[in-house]
Protein chains: 4
Amino acid sequence: MRLLVRHPSVTLEKITSRSEAGNAVAELFPNLRGQVDLCFSEPSADSYHDCDLVFFATPNTTAMSQAESLLEAGVRVIDLAADFRIKHIPTWEKWYGATHACPALVEEAVYGLPELNREQIRGARLVANPGCYPTSVILGLLPLLANQLIEPGSIIADCKSGTSGAGRKASVGSAFCEVTESVKAYAVQGHRHLPEIREVLQTLDAGVDLVFTPHLMPMIRGIHSTIYADARGDADQVQSLFEDYYRDEPFVDVMPAGSHPETRSVRGANICRLAVHYLDAAKKFVVLSVEDNLVKGAAGQAIQNMNLMFGFDETAGLEAPGMMP
Amino acid sequence: MRLLVRHPSVTLEKITSRSEAGNAVAELFPNLRGQVDLCFSEPSADSYHDCDLVFFATPNTTAMSQAESLLEAGVRVIDLAADFRIKHIPTWEKWYGATHACPALVEEAVYGLPELNREQIRGARLVANPGCYPTSVILGLLPLLANQLIEPGSIIADCKSGTSGAGRKASVGSAFCEVTESVKAYAVQGHRHLPEIREVLQTLDAGVDLVFTPHLMPMIRGIHSTIYADARGDADQVQSLFEDYYRDEPFVDVMPAGSHPETRSVRGANICRLAVHYLDAAKKFVVLSVEDNLVKGAAGQAIQNMNLMFGFDETAGLEAPGMMP
Amino acid sequence: MRLLVRHPSVTLEKITSRSEAGNAVAELFPNLRGQVDLCFSEPSADSYHDCDLVFFATPNTTAMSQAESLLEAGVRVIDLAADFRIKHIPTWEKWYGATHACPALVEEAVYGLPELNREQIRGARLVANPGCYPTSVILGLLPLLANQLIEPGSIIADCKSGTSGAGRKASVGSAFCEVTESVKAYAVQGHRHLPEIREVLQTLDAGVDLVFTPHLMPMIRGIHSTIYADARGDADQVQSLFEDYYRDEPFVDVMPAGSHPETRSVRGANICRLAVHYLDAAKKFVVLSVEDNLVKGAAGQAIQNMNLMFGFDETAGLEAPGMMP
Amino acid sequence: MRLLVRHPSVTLEKITSRSEAGNAVAELFPNLRGQVDLCFSEPSADSYHDCDLVFFATPNTTAMSQAESLLEAGVRVIDLAADFRIKHIPTWEKWYGATHACPALVEEAVYGLPELNREQIRGARLVANPGCYPTSVILGLLPLLANQLIEPGSIIADCKSGTSGAGRKASVGSAFCEVTESVKAYAVQGHRHLPEIREVLQTLDAGVDLVFTPHLMPMIRGIHSTIYADARGDADQVQSLFEDYYRDEPFVDVMPAGSHPETRSVRGANICRLAVHYLDAAKKFVVLSVEDNLVKGAAGQAIQNMNLMFGFDETAGLEAPGMMP
């Protein structure tokens, strides 16, 4: 909503929430006082039929039960949850612990990473907005895989995320006193974003496999992925290969050789900022990839997808630089 | 710069810095990569003569030595430091420990608080941008003083500020390990913003005096002023008086009765958000006033002043809501 | 528990919790791995009868229903909640929204502020451990009231607290993303610690009244109280009066004139650190009072009370300095 | 000093500092008010000759110029800097950019990791206290290397550290506004702790090599090392091998299988807490290792070494649990 209210071609028509129905949006989000006058309304089967687009920022398994009727009514859909991200249904069902309600739509859905699928997104009725970790990891690896520079089975993604990725909810584990001044890994044995990353990367190289370790950081926004992979052949050109690969991308920024991007440099901005290092002795690449998990890792990317789907300027509503300090 | 790059009527022509001359702006502020291509240049006497406006975001006593020649060259000036904020020269000289270089310009300068001096700002050549604490405290008191609702000598302003107010510099006291997870008061015996607040408020009521206690908070941005004053007469209408007083102000938001504004609701936004409480038993008002010290408390207000001076829409470049979370 | 495990004269016998019964204490508090081998057990009527002392660190209204039977069984009690803090039953019932279960014990209970009630605590069967804000405010005012240096009706206590005061629970308002990088006031119209502070201070001067405004800070531990009061008569000796008043107190530290104590200087320590300022022009005192709300404001003070009740060295288990940084 | 003041067998005799000479220690460290009465004194050649032990908590290259005369005077030395950590002098000189002043003492010095060199430490005159990252990484790998469970050239140590590791100094990069709410990698191309880790581990297996990537976290204390290595042979027993390996170690805590240690669980404590995971599909171990970089990663370990050198109980002064929250 923060980004949509300043978008030149968007009008917010309704915002639904069962638990908040009747309350003003600006009560829950006081930063939107004077910007959004809507109240939350009850979601109902046909309540979005006069909209052009519905964003699902809902728990997993919500969108899959409603997408079909929306699409039939001519409403396009971007799902920010995971219902349409994984093509292989048994894999999805295993990791999400549910039976998929509409496998046919999974096949139709486009994985909404513009740097990979821009053309398909333009024509899509249904876009699966990528996960926050997958966006960060995949963008860091695309130039390496596209140029066959790495052993595809050697990837380790050590990822550090701010706590806003967990959503706004009451839980002891999200409490300030639990999170601040501490770091921990979680889900070392397996996180739902692992099969998503793997499946997407395997479209580039069937041999891709990876270890993925998420960590919780004492900060609100930001993901920092540190990605290791064994080099295959010559690494001399890697800096210019990265620069070339992303030269025309409005939202991927390749830093100069030797750089160390900071997550705060993309705070609030729809940017993924990359640095690629080659370790000569170890013959390994280390890619550093930062994004704001709520923007390029979620809502900003969803707007970028919307811009493509509706023929708007791809950068509309997304031009503001990150907020430092 | 973060705000100016998105302003529809502004072009950044030069940015000067002795210590950073020759370096790219985006090196120091990586959030501006791809947004600002300038390098810092050496400041020099006539280097700004082709500009329409110069912002001084410099240490105190810098602007006063350069303003005269700029104004003579037809360049308008907004000083974000304190050189032109206090009209009474001996007071300024006492608190800033220097002889004032151009008292005549102090007389001409307009104190750039649009809610108080909008019409004078429109015509001004030289604007003294208010201090961060003064903006927050004065806006919290204007409706009370304008309506003679308080004993003017009874004011206590207990103010809490993030650490970005101290600027970007190397000092032990600003280090993360010194600041985080701690709160302290400072300058209890007297802070330079005290005479500034007092002088401005005395233009409304000559009897104004106040105690002002600044505190350092473990956060980047935000000022929360808690302002106490003894009520004079009837307090029944205070909520509607506040709402009426600020009804047409684009950047002051009076919250509903009983509210407690949070600094994060104005993070990055040019908003001062107010709540007024009346304590019946104590016959005191408690005004809660929050702002982002770097925006409504500094750069955003400077742009608001620029908009007025140049006849732009007052809200141009300043419409974005605060960033939550 | 962190403090008790190192106490030379204490053995932890049981720790009860309905929701955690059966779980190891060290699972919930991994810092205690290897230090506490107990599991949480179900609370039951007679389960503590073989203990010498029971600490209630429970929600309000729990201790008042169990204290009587414990005392009858010869078990002494320290309540860290509010059930026995306020002597005036109708006041307690109004602020806590409940009928008091044992008014007679309220009369017997000793308010456990050793600096005020050391001798009564020594003999007490039942101690009401003070609230975190009251400890900080009362200790800041005792020397002024004892020496009749202030107008007792002029007190304003502007208090800033870390978030650990809210306890360890699942709530949206306590979430990291809600709390960090923000400051807000709360309960401006009235907080339960107000009647507690007022009643205790009125035992020193019947005319005491105060305004009390709590604020939430983005940090775990620490309370910083900034206390304003109008001076009555001569203020020249205030520094030495403070030093004399607290000369023999092991846990109150009066800083040199002109100081600004930081909450981090008492992190983890059972210390209240004070600085007193006199503002000549305003004829007001400003007292700065810092403590760790979980130690001198809660558990540490409870152990100090235990030490007095059982004839241990008053400082036993409480000697460790604060942790900086 | 925080730990030494509570140590039963230690008296602080002098604390030297050129820049702070004459100032009270408690002025710089207000948490030590009432605990340490010393003033800083000028360091001088013979000023420590009546001490039994000198700790050097100085910049690199300081200790190496003074150690010889101290040892000759019968004073034992623990260097918390890096002068005696690396046996191979050319490696040290390359990474530290200086000519070593006393190579002979390097040979004599014992690397002060008790879990590796306990017996040599007992008799040592000169102990090189390990670096913070090396302690965390080496302790995480010892059981794997000792049992030949990993390919020694496959190690990746992705390490996350709080900012206190940088010391207390004035620098823009350490400022609160630069560090908080952000994560970044640094020294990806090579950090001084890399040769230290490598050399120590090669004493266990000559084939050891590793990639080491340090990251800066927005917190004061704590290191979280996430260590990856390819398994060699069967991994079934790894949990019990870890438990057996560290069974008698007072300051290494192996968590139950499947755990994710948090840095806050060791805040202020001399503990390294480990969890070992085996990823079946990838045939990799992931070891999670947390410590307080200022305690087990520096001062606490130095005291542990002192205890061994002087025949005190190894845990003396180090028994306090971590501070949570």
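Residues numbered from 1 in each chain as written. Chains lettered and ligands numbered in written order. Predicted model: local features only at pLDDT ≥ 70, side-chain atom pairs only at ≥ 80, totals over all residues.

Visitor: Just checking my understanding: could you explain the overall build of chain A for this structure?
Guide: Summing up its helical and strand segments, chain A has 10 helices and 13 strands in all. Here the C-alpha atoms of chain A give a radius of gyration of 20 Å, agreeing with the 20 Å that 2.2 N^0.38 yields for 325 residues. Judged by the C-alpha coordinates and their principal axes, chain A covers about 60 × 45 × 40 Å. Classification of the 325 residues of chain A by burial places 53% in the buried group. A separation of at least 24 residues holds for 68% of the contacts in chain A among residues at least 6 apart in sequence. (Helix = DSSP H or I, 4+ residues; strand = E, 2+ residues; numbered from the N terminus. Rg over C-alpha atoms; globule rule 2.2 N^0.38 Å. Buried ≥ 20, exposed ≤ 12 C-beta atoms within 10 Å, placed from the backbone. Contact = placed C-beta atoms within 7 Å.)

Visitor: Teacher, can you tell me more about the interface of chain A and chain D here?
Guide: In many analyses, interface size is given as the accessible surface area lost on bringing the parts together. Taken together, the contact between chain A and chain D spans 35 residues of the former and 35 residues of the latter. Mapped by element, the contributors of at least two residues to the side of chain A that touches chain D are β7 (155-161), α7 (176-179), β8 (184-185), β9 (210-216), β10 (223-230), β12 (272-279) and β13 (284-291) of chain A. Broken down by class, the residue content of the side of chain A that touches chain D amounts to 18 nonpolar, 9 polar and 8 charged. (Nonpolar A, V, L, I, M, F, W, Y, C, P; charged D, E, K, R; others polar.)

Visitor: Honestly, the domain arrangement of chain A in this entry has me stumped. Any pointers?
Guide: All names here are of chain A. According to the domain assignment, chain A consists of domain 1 (4-131 + 296-309) and domain 2 (132-293). On a C-alpha basis, the centres of domain 1 and domain 2 stand 24 Å from each other. Counting residues at the interface gives 20 residues for domain 1, matched by 24 residues for domain 2. Broken down by secondary-structure element, the contributors of at least two residues to the side of domain 1 that touches domain 2 are α3 (89-96), α5 (114-123) and α10 (295-309). A per-element tally of the side of domain 1 that touches domain 2 places α10 first, with 6 residues. Here the residues of the side of domain 1 that touches domain 2 are counted per class, giving 9 nonpolar, 7 polar and 4 charged. (Domains from an automatic or database assignment.)

Visitor: Help me understand the sheet that holds strand β10 (residues 223-230) of chain D, please; the structure alone is not making it clear to me.
Guide: Backbone-to-backbone hydrogen bonds join strands into a sheet, with any given pair of strands oriented parallel or antiparallel. All names here are of chain D. On the basis of which strands lie adjacent, the open sheet formed by 7 strands has the order β8-β9-β7-β10-β13-β12-β11 and mixed pairing. Each having just a single partner strand, β8 (184-185) and β11 (252-254) make up the two edges of the open sheet. Pairing of β8 with strand β9 (residues 210-216), which is carried by 2 bridges, proceeds in the antiparallel orientation. Its bridge partner being in β9, A185 is matched across the sheet by H215. Each of β11, β12 (272-279) and β13 (284-291) is contacted by helix α9 (residues 238-245), which is oriented at about 160 degrees to β12, the strand it contacts most. (Pairing = 2+ DSSP bridges. Axes fitted to C-alpha atoms, helices over the stretch in contact; angles between N-to-C directions.)

Visitor: Looking at this structure, how should I read the nonpolar core?
Guide: In globular proteins that are soluble, nonpolar side chains generally tend to be buried together. Ranked by size, the top nonpolar core spans 328 residues in total, and within it L274 of chain A, L274 of chain B, L274 of chain C together with L274 of chain D carry the most contacts. Setting aside its immediate chain neighbours within four residues, L274 of chain A contacts L139, G140, F242, V252, D253, V254, M255, V287, L288 and S289 of chain A. Grouped together as the second largest cluster of nonpolar side chains are 36 residues, I220 of chain A, F176 of chain B together with A175 and V179 of chain C included. (Core = buried A, V, L, I, M, F, W, Y, C linked by C-beta atoms within 7 Å.)

Visitor: Is there a simple way to explain the pairing of strand β3 (residues 53-56) of chain D in this structure?
Guide: On any regular strand, side chains alternate: one points to one face of the sheet, the next to the other face. Residues and elements named next belong to chain D. Judged from the 4 bridges that link them, β3 and strand β4 (residues 76-79) form a sheet pairing that is parallel. For L53, the partnering residue across the bridge sits in β4 and is R76. Since β3 and β4 lie parallel, the crossover through helix α2 (residues 63-72) that links them has a hand, and here it is right-handed. (Right-handed = clockwise from strand over helix to strand, strands pointing away.)

Visitor: Help me understand the sheet that holds strand β4 (residues 76-79) of chain B, please; the structure alone is not making it clear to me.
Guide: Residues and elements named next belong to chain B. With parallel pairing, 4 strands are arranged side by side in an open sheet as β3-β4-β6-β5. The sheet terminates laterally at β3 (53-56) and β5 (110-111), the two strands that pair on one side only. Pairing between β4 and strand β6 (residues 126-128): 3 bridges, direction parallel. For D79, the partnering residue across the bridge sits in β6 and is A128.

Visitor: Which parts of the structure should I look at to understand the interface of chain C and chain D?
Guide: In this complex, chain C contributes 25 residues to the contact, which on the side of chain D involves 25 residues. Along the lines of polarity and charge, the residues of the side of chain C that touches chain D split into 11 nonpolar, 7 polar and 7 charged.

Visitor: Is there a simple way to explain unusual backbone geometry in this structure?
Guide: With glycine set apart, most residues show a phi of negative sign, and most peptide bonds adopt trans. Backbone torsion omega between M324 of chain B and P325 of chain B reads -5 degrees, so that peptide bond is classified as cis. Within the fold, P325 of chain B resides in the segment after α10 (299-309). Although it is not a glycine, E181 of chain C sits at a positive phi angle of roughly 55 degrees. Locating E181 of chain C in the fold gives a position in the loop between α7 (176-179) and β8 (184-185). Given 26 C-beta atoms within a 10 Å radius, E181 of chain C is considered buried. For T61 of chain D, which is not a glycine, the phi torsion comes out positive at approximately 80 degrees. Topologically, T61 of chain D is positioned in the loop between β3 and α2.

Visitor: Help me out: how do you make sense of the relation of the copies chain C and chain D in this one?
Guide: Two copies of the chain are present, and they differ by a rotation about an axis and a shift along that axis. The transform that puts chain C on chain D rotates by 180 degrees and translates by 0.0 Å along the axis, for an RMSD of 0.0 Å. The two molecules are tied by a two-fold rotation axis, judged by turn and shift. (Least-squares fit on C-alpha atoms with pLDDT ≥ 70 in both.)

Visitor: Explain the relation of the copies chain A and chain D to me, please; I cannot follow it from the model alone.
Guide: Screw-axis analysis of chain A against chain D gives a translation of 0.0 Å along the axis, an RMSD of 0.0 Å, and a rotation angle of 180 degrees. Interface residue correspondence from chain A to chain D reaches 100%, placing this contact among same-surface, isologous pairings.

Visitor: Whenever I open this one, α10 of chain A confuses me. Can you help?
Guide: Spacing of three or four residues puts side chains on the same side of an α-helix, whose turn is 3.6 residues. Residues and elements named next belong to chain A. Here α10 contains 15 residues, and its C-alpha end-to-end distance of 18 Å is more than 12% below the 21 Å for a straight helix at 1.5 Å per residue. Considering bend angle alone, the principal kink of α10 is centred on Q301 and spans about 45 degrees. Counting buried positions along α10 yields 15 of 15 residues, so the element is predominantly enclosed. (Expected span 1.5 Å × (residues − 1). Bend = angle between axes of the 7 residues up to and from the residue.)

Visitor: Can you help me understand the packing of helix α5 (residues 114-123) of chain D against helix α10 (residues 299-309) of chain D in this one?
Guide: Axis angle and axis distance: for two packed helices, these are the angle between their axes and the distance between the axes, and together they describe the pair. Residues and elements named next belong to chain D. The contact between α5 and α10 brings their axes to 9 Å, and the two run at 40 degrees. Crossing handedness for the pair α5 and α10: right-handed. Along its contact with α5, which presents P114, R118, I121 and R122, the element α10 presents Q304, N305, L308 and M309. In terms of residue class, the contact of α5 with α10 is made up of 4 nonpolar, 2 polar and 2 charged. (Left-handed = near helix turned anticlockwise from the far one by under 90°.)

Visitor: In this structure, what is going on with the environment of V10 of chain A? I would like to understand it.
Guide: Locating V10 of chain A in the fold gives a position in the segment before β1 (15-16). The exposure class of V10 of chain A is partly exposed, given the 19 C-beta atoms found within 10 Å.

Visitor: Please explain the packing of α5 of chain A against α10 of chain A as it appears in this structure.
Guide: Residues and elements named next belong to chain A. Contact geometry for α5 and α10: axes closest at 9 Å, N-to-C directions at 40 degrees. The element α5 and its partner α10 pack so that their crossing is right-handed. Here P114, R118, I121 and R122 of α5 come into contact with α10, specifically with Q304, N305, L308 and M309. Residues that form the contact of α5 with α10 fall into these classes: 4 nonpolar, 2 polar and 2 charged.

Visitor: I keep staring at the environment of L216 of chain B and nothing clicks. Help me out?
Guide: Residue and element names in this part refer to chain B. Mapped onto the elements, L216 comes out in strand β9 (residues 210-216). The exposure class assigned to L216 is buried, which follows from the 24 C-beta atoms found within 10 Å. Distance in space between the C-alpha atoms of L216 and S164 is 10.0 Å, their sequence separation being 52 residues. Sequence-distant contacts of L216, defined by excluding residues within four places in its chain, comprise S161, T163, V179, V183, K184 and Y186.

Visitor: Would you mind showing me how to read the environment of H215 of chain C here?
Guide: All names here are of chain C. Residue position: H215 is located in strand β9 (residues 210-216). Each C-alpha atom of the pair H215 and A320 lies 28 Å from the other, and the pair is 105 residues apart in sequence. Excluding its chain neighbours within four sequence positions, the residues that come into contact with H215 are C159, K160, S161, V183, K184 and A185.

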